[in-house]
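Spelled out from the first residue to the last, the chains are:
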Amino acid sequence: ITLRRTYDGTKKEAEEIVAIGNVKITRGNKKARGDRAVYLKTLQKIILTGNPKAVAWEGDDIIEGREMIFLMNKERFVVNERVRAKLFQKKTQPQ
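Everything numeric here is computed off the predicted structure, so don't read it as measured data.

> Quick one: what's the story with the layout of surface pockets, residue by residue and with numbers?
Its boundaries defined by the atoms lining it, the largest pocket holds a volume of some 190 Å³. In terms of lining, the largest pocket is formed by 13 residues, of which the most central are Trp57, Glu58, Asp61, Ile63 and Phe77. At the level of secondary structure, the elements contributing two or more residues to the lining of the largest pocket comprise strand E3 (30-40), strand E4 (45-58), strand E5 (61-71) and strand E6 (76-80). Taken together, the residues that form the lining of the largest pocket break down as seven nonpolar, no polar and six charged.

And the structure:
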């Protein structure tokens, strides 16, 4: 994995972090992997790309595409280019 950080001249925190090579992201029960990830602090998003695909899953549900944008504030993915999804019905508990 190659990691590159970009800093704003007045701040001590990274504004952008780029990770390249077999990148894995985990947040709660959501997981994703791809070839490259760019974390944009001010926008609170992670852009994950893959060749041929980036993959994300939550439980049994899987979604894949060439580009995924993880909206951290909304806890959801937006997927672009060659999107494929496998979604399973949630199991209900007997009452």
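> Describe the packing of aromatic side chains, listing the residues and the values that go with them.
By the definition in use, this model includes one aromatic pair. With centroids separated by 4.8 Å and ring planes inclined at 40°, the aromatic side chains of Phe70 and Phe77 adopt a geometry described as tilted.

> Break down the pairing of E6 for me, with residues and values.
Here E5 pairs with E6 via five bridges, running antiparallel. From the neighbouring strand, Met68 faces E6, where its bridge partner is Val79. Hairpin geometry of E5 and E6 is characterised by an intervening segment of four residues between the two adjacent antiparallel strands and by a positive phi of about 55° at Glu75.

> Residues and numbers for the pairing of E3, please.
Taken residue by residue, a regular strand's side chains alternate between the two faces of the sheet. Here strand E2 (residues 14-27) runs beside E3; their pairing, made up of 10 bridges, is antiparallel. Along E3, the bridge assignment pairs Val18 with Val38. Across nine bridges, the pairing between E3 and E4 is antiparallel. Counted as the bridge partner of Ala37 is Leu48 from E4.

> Before we move on, can you summarise the pattern of salt bridges with the specific residues and values?
Side chains bearing opposite charge may pair, as long as their charged atoms lie close to each other. Evaluation of the coordinates by the stated rule reveals four salt bridges. For Lys30, the salt bridge identified is with Glu58, shortest N-O distance 3.4 Å. Remark: Glu58 occurs in strand E4 and Lys30 occurs in strand E3; sequence separation between them is 28 residues. Residue classification places Lys30 among the buried residues on the basis of a relative accessible area of 14%. Judged by its relative accessible area of 32%, Glu58 is partly exposed. The salt bridge involving Lys53 is made with Glu64; its shortest N-O contact spans 3.6 Å. Of this pair, Lys53 sits in strand E4 while Glu64 sits in strand E5; the two residues are 11 residues apart in sequence, bridging distant segments of the chain.

Rules of the game
- Each chain carries its own residue numbering, running from 1 in the direction its sequence is written.
- Per-residue local features are limited, in this predicted model, to residues with pLDDT of at least 70; the limit for side-chain atom pairs, both in listing and counting, is 80 or more; totals at the level of whole chains, interfaces and linings are taken over all residues.
- Side-chain numbers here rest on the full set of heavy atoms in the structure, without hydrogens or water.
- Put plainly, a pocket is an open set of points on a 1 Å grid over the protein atoms alone with protein on both sides within 12 Å along at least five of seven lines, a cavity is a set where a 1.4 Å probe fits but cannot get out, and a lining residue has an atom within 4 Å of a point.
- Grid points are joined across faces, edges and corners, and a volume is the space filled by probe spheres set on the points.
- Only DSSP runs of H or I with at least four residues qualify as helices, and only runs of E with at least two residues qualify as strands; both kinds are numbered from the N terminus onward.
- Gly counts as polar in this scheme, as do all residues outside two lists: the nonpolar Ala, Val, Leu, Ile, Met, Phe, Trp, Tyr, Cys and Pro, and the charged Asp, Glu, Lys and Arg.
- Put simply, two rings from Phe, Tyr or Trp (the six-membered ring, in Trp's case) pair if the centres are within 6.5 Å, and we call them stacked under 30 degrees between planes, edge-to-face over 60, tilted for the rest.
- Here, strands pair whenever DSSP counts at least two bridges between them.
- Should a side-chain nitrogen of Lys or Arg be within 4 Å of a carboxyl oxygen of Asp or Glu, the pair is scored as a salt bridge.
- Think of it in three bands: with a 1.4 Å probe and only protein chains considered, a residue is buried below 20% of the maximum accessible area for its type, exposed above 50%, and partly exposed in between.

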